[in-house]
Amino acid sequence: GENVEQHPSTLSVQEGDSAVIKCTYSDSASNYFPWYKQELGKRPQLIIDIRSNVGEKKDQRIAVTLNKTAKHFSLHITETQPEDSAVYFCAASRSYNTDKLIFGTGTRLQVFP
Amino acid sequence: NAGVTQTPKFQVLKTGQSMTLQCAQDMNHNSMYWYRQDPGMGLRLIYYSASEGTTDKGEVPNGYNVSRLNKREFSLRLESAAPSQTSVYFCASRQGETEAFFGQGTRLTVV
């Protein structure tokens, strides 16, 4: 079945450094790849997403890259700030036949001042 | 707009008891989902409904049942609760290949 693997499980960086989180997916029919941020005690919220017809997407300090051949995608956060500290989840889905949305296991990012 | 609303927010059950978690969305979304979140395990899909009248198993469906009552409501039922079902449960909805919106979560403890 579909599977999404996410690494690392924890990541600690100094404020101002960059952070990279990587995911791989198993279902070659997946064509939508969102990233969610979950602050402590709150619900997950979308921060950026990418579709299979695009290789890279940026939104201010965050960017996502997609390599469909290798079936992996990554989240890049530049100039990290303490408020970026949270758990980040990647996910994958395909829009035909099924609308299943599968998440990775999450990365706890800590940004130290 | 309320978005996605889950009830209850907290619940303690004894082993063997049953309960239903309620979820409603007011965004006219076709797809609805139930996830459980456990430490180190991420968000695991229990069941989902791609449209009114259809439901499908996710990654961890055992011990649960669902009902898509109408387009707005998607409930999750535990027939005989077990300690292994202690978790935080999230309902979500979305329209096609777009952002999924989550409810505030239900923290369930089975003793």
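Nothing here was measured: the structure is a model prediction, and the numbers come from that model. (Residues numbered from 1 in each chain as written. Chains lettered and ligands numbered in written order. Predicted model: local features only at pLDDT ≥ 70, side-chain atom pairs only at ≥ 80, totals over all residues. Heavy atoms only, no water.)

Draft legend 1. Broad picture of the interface of chain A and chain B. Each partner contributes residues to the interface: chain A has 20 residues there, and chain B has 24 residues. Applying the counting rule to chain A against chain B returns one salt bridge. Linking Glu-97 of chain B and Arg-51 of chain A is a salt bridge whose minimum nitrogen-to-oxygen distance equals 3.2 Å. Our count for the contact surface shared by chain A and chain B stands at 10 residue pairs in polar contact (both at pLDDT 80 or more). Taken together, the residues of the side of chain A that touches chain B sort by class into eight nonpolar, seven polar and five charged. (Contact = heavy atoms within 4.5 Å. Salt bridge = Lys/Arg side-chain N within 4 Å of Asp/Glu carboxyl O. Polar contact = N/O pair within 3.5 Å; in protein donor to acceptor, adjacent residues only side chain to side chain. Nonpolar A, V, L, I, M, F, W, Y, C, P; charged D, E, K, R; others polar.)

Draft legend 2. Quick peek at the pattern of salt bridges. On inspection of all chains with the given rule, the structure shows 11 salt bridges over all chains. Where Glu-2 of chain A meets Arg-94 of chain A, a salt bridge forms, and the shortest distance between an N and an O atom there is 3.7 Å. In this pair, Glu-2 of chain A is assigned in the segment before strand E1 (4-7) and Arg-94 of chain A in the loop between strand E9 (86-93) and strand E10 (101-103), connecting sequence segments 92 residues apart. A relative accessible area of 25% means that Glu-2 of chain A is categorised as partly exposed. According to the relative accessible area criterion, Arg-94 of chain A is buried, its value standing at 19%. Salt-bridge contacts for Asp-38 of chain B lead to Arg-44 of chain B; the nearest nitrogen and oxygen are separated by 2.8 Å. Taken together, the shared-partner salt bridges in this structure form one network comprising Glu-2, Asp-27, Arg-94 and Lys-100 of chain A. (Helix = DSSP H or I, 4+ residues; strand = E, 2+ residues; numbered from the N terminus. Buried < 20%, exposed > 50% of the residue type's maximum accessible area, 1.4 Å probe, protein only.)

Draft legend 3. Representation of the sheet that holds strand E1 (residues 4-7) of chain B within the structure. Residues and elements named next belong to chain B. An order of E1-E3-E8-E7 is seen for the four strands of this open sheet, with the pairing classed as antiparallel. At either end of the open sheet lies a strand with only one pairing partner, and these are E1 and strand E7 (64-68). Ignoring strand direction, the axes of neighbouring strands in this sheet form an average angle of 15 degrees. Examined bridge by bridge, strand E3 (residues 19-25) and strand E8 (residues 74-78) share three bridges and lie antiparallel to one another. The residue bridging Thr-20 from the neighbouring strand is Arg-77, located in E8. (Pairing = 2+ DSSP bridges. Axes fitted to C-alpha atoms, helices over the stretch in contact; angles between N-to-C directions.)

Draft legend 4. Structural context of the packing of aromatic side chains. Using the criterion set out here, one finds 14 aromatic pairs over all chains in the structure. Considering the side-chain rings of Phe-89 of chain A and Phe-103 of chain A, the 6.3 Å spacing of their centres and the 85 degrees angle between planes classify their relative orientation as edge-to-face. Linking Phe-89 of chain A in strand E9 with Phe-103 of chain A in strand E10, this pair joins segments that are 14 residues apart in sequence. Neither residue differs from the other here; Phe-89 of chain A and Phe-103 of chain A are each classed as buried. Between Tyr-64 of chain B and Tyr-89 of chain B, the ring centres sit 5.9 Å apart and the planes meet at 65 degrees, which makes this aromatic pair edge-to-face. Here Tyr-89 of chain B lies in strand E9 (residues 87-94) and Tyr-64 of chain B lies in strand E7, a separation of 25 residues in the sequence. By relative accessible area, Tyr-64 of chain B is classed as buried at 4%. (Phe/Tyr/Trp six-rings, centres within 6.5 Å; stacked < 30°, edge-to-face > 60°.)

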